[in-house]
Amino acid sequence: MRAFIDSVHEGVARVLLGDEPLAVEVPLSWLREGAAEGKALRVLWEIDEEETKSARQAVEDLYAALNDAP
């Protein structure tokens, strides 16, 4: 996915994502060293199966706890 750092202000980067840009703001610290206004980014989305499994288990545990609540 294409991305472009539109601006940086007080440690927050405004990033334009995609061909019909969606603007998102992220902490500059989340981006790689050297990220700055005017830089193009390459964004890769990966599925994390372990984190997905962990999150599902946490939700199931919460539902179980709520059903046992007085």
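A quick note: this is a predicted structure, and the numbers were derived from the prediction, not measured. Here, residues in each chain are numbered from 1, in the same order as that chain's written sequence. Confidence filtering applies because this is a predicted model: local features only for residues at pLDDT of at least 70, side-chain atom pairs given and counted only at 80 or more, and all residues used for totals across whole chains, interfaces and linings. Side-chain descriptors were evaluated using all non-hydrogen atoms of the structure, hydrogens and water having been removed beforehand.

Caption draft 1: Main features of helix α1 (residues 49-67). Starting at the N terminus, helices and strands are each numbered in turn, a helix being any DSSP run of H or I of at least four residues and a strand any DSSP run of E of at least two. A helix is expected to span 1.5 Å multiplied by its residue count minus one. Between the first and last C-alpha of α1 there are 27 Å, a value that for 19 residues agrees with the 27 Å anticipated at 1.5 Å per step. With a side-chain oxygen lying 3.2 Å from the backbone nitrogen of Glu50, the N-terminal cap of α1 falls on Asp48. Two N or O atoms form a polar contact when they lie within 3.5 Å of each other; inside protein one atom must be a possible hydrogen donor and the other a possible acceptor, and for residues adjacent in sequence the pair counts only when both atoms belong to side chains.

Caption draft 2: Quick peek at the nonpolar core. Residues belong to one nonpolar core when they are buried, are Ala, Val, Leu, Ile, Met, Phe, Trp, Tyr or Cys, and are joined through side-chain atoms within 4.5 Å. For every residue, the accessible area obtained with a 1.4 Å probe (protein chains only) is divided by the maximum for its type, and the residue is called buried under 20%, exposed over 50%, and partly exposed between those limits. Grouped together as the largest cluster of nonpolar side chains are eight residues: Ala3, Ile5, Ala13, Val15, Leu17, Val26, Ala35 and Val43. If you tally residues by element for this core, the top one is strand β2 (residues 12-17), at three residues. The contact criterion used is simple: two residues touch if any of their non-hydrogen atoms lie within 4.5 Å. Once residues lying within four places of it in the same chain are set aside, the contact partners of Val15 are Ala3, Phe4, Ile5, Leu22, Ala23, Val24, Val26, Leu31 and Leu41.

Caption draft 3: Representation of the environment of Gly18 within the structure. One can find Gly18 in the loop between β2 and β3 (22-27). Separated by eleven residues in the primary sequence, Gly18 and Ser7 place their C-alpha atoms 16 Å from one another. For Gly18, the residues in contact, after removing those within four places along its chain, are Met1 and Arg2.

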